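So you can see what is in the structure, the chains are spelled out below.
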Amino acid sequence: MPESTVILDATAIQRALTRIAHEIAERSEISTEVVLVGIPTGGVPLAERLAKVLSEIWKHPVPIGSLDVSMHRDDLDRRAAPKIHPTVMPFDVTGKTVVLVDDVLFSGRTIRAAMDALNDFGRPKKIQLAVLIDRGHRELPIKADFVGKNVPTAPEEEIRAQLGKMDEVILERK
Amino acid sequence: MSWTKKHLLDIESLAAEEIVTVLDTARGFKAVGQRAIKKVPALRGKTVVNLFVEPSTRTRISFELAEQRLSADVINFSAEASSFKKGETLKDTALNLQALNADFIVIRHSASGAPHFLSRVLGAHVINAGDGAHEHPTQALLDAFTIRERKGTIEGLNVTILGDILYSRVARSNIWALTKLGARLTLCGPSTLVPKVFEQMGCRVTHDVNDAISAADIIHLLRIQHERQRKAMFPSIGEYAQLFGLNKARLAQTKPGALIMHPGPINRGVEIDSQIADGERSVILEQVTNGLAVRMAVLFLLNGGKGPLEGMTND
């Protein structure tokens, strides 16, 4: 039987997002240059919620996009072909500060693929990374700029971030 | 559903869920075709050989562009320029391509079963781009994609395939794909080209064109395949046009939202009137655009390894 622990509940998730939004606001000199890009599936609702908090801080709407990275992965012939999610980039990223948003940062390979995919849409001024959970075990020189919570894990453990009706992040030991 | 097939040889052996996986994946690739940069690195470093032993223009071009947009290296091998003229067998040609470490072979052949044969003797992924009168799976997938995109669903739709069914691999693949996805099929054409035996595939067979098209949501027209007919199967092209061609009067009897499809190349004035081919009901050119997306999706899915999908969200 896998053993599950709740590591973030709904209140803690909202608090983490509010803090990340304030950190993004603090780090951004020109608020109108910031766009949020969620990585499906987990990053998309997070980007939407971050945009909501940020737009309250900045008093203007913050553009959001979603970027599917599956065609840019480095392991496409090593496991079953991934499901492709919609990519929606309703703005030109050139000259923008793009904050990539994902739920869990693990090996860093998704983020590498995301940076590669993002290049096809233009040349951002800066790319930053915001994640709800950093669980360690990086395989690439990638580091998040904004982290909700650092969670030390064993590689075989799984983290499930459920966002929506039941906001919670669960750590599963097998 | 995750894709586990190594080859795409026919639609007959695919499950409905597998067909849906291709269509869902193709949706993502269609969006790539609408970007400023239409190329993705998914097949970088892979070699694809287009082995077209039977002449083809549109399918070959569509595959070639699909492969290039996935960043694969592409070799084109056509019957006219190849060693087939010098008497080499298909097996030997294929083994030579394998010796060059080809990862994918896309084959078009006049003999039914040629792709299946290659899949048994080669280690590469084999994609059937049309084998004799047997199957043309990517055509059926792009047709299903087009129908689903326009109509939202395929289940419960009335689809009529009109024309040369007997010699048509497009018809066979479409019959398999669309019946698996829950459509009701009607086949129509001259009795010599639409034998009753097709009822065994779960289709309704009629030789009355008005009966065939009046309730149809989709009218799929097929070209008369002169090249595959051993002798004249009907008196004349003129008579065919008169009895089975889709003209203005016949179109007026169809349902208002009925779509006109054709795998191309079209023969204007034979199976379809010129104005209808260019008209608002026609999705013939959308089929071409969607074909590119569907072929990219097929290559992408076949390229996937056997491993599990777990952990994909956790990195």
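**Points about the overall build of chain B**
Here comes step 1: For chain B, the helix and strand inventory stands at 11 helices and 9 strands.
Here comes step 2: For 315 residues, the compact-globule formula gives about 20 Å, and the C-alpha radius of gyration of chain B, at 20 Å, lands near that figure.
Here comes step 3: Dimensions along the principal axes, computed over C-alpha positions, put chain B at roughly 55 × 55 × 40 Å.
Here comes step 4: In chain B, which comprises 315 residues, the proportion classed as buried is 47%.

**Some thoughts on the domain arrangement of chain B**
Residues and elements named next belong to chain B.
Here comes step 1: Domain annotation of chain B identifies domain 1 (16-134 + 289-308) and domain 2 (137-288).
Here comes step 2: Relative placement of domain 1 and domain 2: their C-alpha centres are 26 Å apart.
Here comes step 3: Contacts between domain 1 and domain 2 engage 19 residues on the former and 21 residues on the latter.
Here comes step 4: Listing elements by their share of the side of domain 1 that touches domain 2, those giving two or more residues are helix 1 (16-32), strand 4 (125-131) and helix 11 (284-303).
Here comes step 5: In terms of residue class, the side of domain 1 that touches domain 2 is built from 9 nonpolar, 7 polar and 3 charged.

**Structural notes on the sheet that holds strand 2 (residues 73-78) of chain B**
Residues and elements named next belong to chain B.
Here comes step 1: Ordered in space as 2-1-3-4, the 4 strands form an open sheet in which the pairing is parallel. Both outer strands of the open sheet, strand 2 and strand 4, are each paired with one neighbouring strand and no more. The average angle at which neighbouring strand axes cross in this sheet is 15 degrees, direction not considered.
Here comes step 2: Pairing geometry for strand 1 (residues 47-52) and strand 2, over 6 bridges, is parallel. Within the sheet, the bridge partner assigned to N50 lies in strand 2 and is N76.

**A word on the sheet that holds strand 8 (residues 218-221) of chain B**
Residues and elements named next belong to chain B.
Here comes step 1: Reading across from one edge, 7-6-5-8-9 is the order of the 5 strands in this open sheet, with parallel pairing throughout. At either end of the open sheet lies a strand with only one pairing partner, and these are strand 7 (204-206) and strand 9 (259-261). Averaged over all neighbouring strand pairs, the angle between strand axes comes to 20 degrees, with direction disregarded.

**A short note on the interface of chain B and chain A**
A common measure of how large an interface is: the accessible area buried when the components associate.
Here comes step 1: On the side of chain A, 23 residues touch chain B, which itself brings 23 residues to the contact.
Here comes step 2: Mapped by element, the contributors of at least two residues to the side of chain B that touches chain A are helix 1 and helix 11 of chain B.
Here comes step 3: Each residue belonging to the side of chain B that touches chain A can be placed in one class, and the counts come to 11 nonpolar, 10 polar and 2 charged.

**As for the environment of L51 of chain B**
All names here are of chain B.
Here comes step 1: Mapped onto the elements, L51 comes out in strand 1.
Here comes step 2: Of the residues examined, L51 has 28 C-beta atoms within 10 Å and is grouped as buried.
Here comes step 3: Considering only alpha carbons, one finds L51 and A241, 190 residues apart in sequence, at a separation of 34 Å.
Here comes step 4: Setting aside residues no more than four positions away along its own chain, L51 makes contact with F77, I105, V106 and I107.

**What about helix 2 (residues 58-69) of chain B?**
Residue and element names in this part refer to chain B.
Here comes step 1: Here helix 2 is 12 residues long and its end C-alpha atoms lie 16 Å apart, about the 16 Å a rise of 1.5 Å per residue gives.
Here comes step 2: Here helix 2 has its buried residues at T59, S62, F63, A66, E67 and R69. All buried residues of helix 2 lie within an arc of 165 degrees about the axis, which places them on one face of the element.
Here comes step 3: Positive backbone phi, approximately 70 degrees, marks S71, located one or two places after helix 2.

Parameters at a glance
Residues numbered from 1 in each chain as written. Chains lettered and ligands numbered in written order. Predicted model: local features only at pLDDT ≥ 70, side-chain atom pairs only at ≥ 80, totals over all residues. Helix = DSSP H or I, 4+ residues; strand = E, 2+ residues; numbered from the N terminus. Rg over C-alpha atoms; globule rule 2.2 N^0.38 Å. Buried ≥ 20, exposed ≤ 12 C-beta atoms within 10 Å, placed from the backbone. Domains from an automatic or database assignment. Contact = placed C-beta atoms within 7 Å. Nonpolar A, V, L, I, M, F, W, Y, C, P; charged D, E, K, R; others polar. Pairing = 2+ DSSP bridges. Axes fitted to C-alpha atoms, helices over the stretch in contact; angles between N-to-C directions. Expected span 1.5 Å × (residues − 1). Arc of directions from axis to C-beta.

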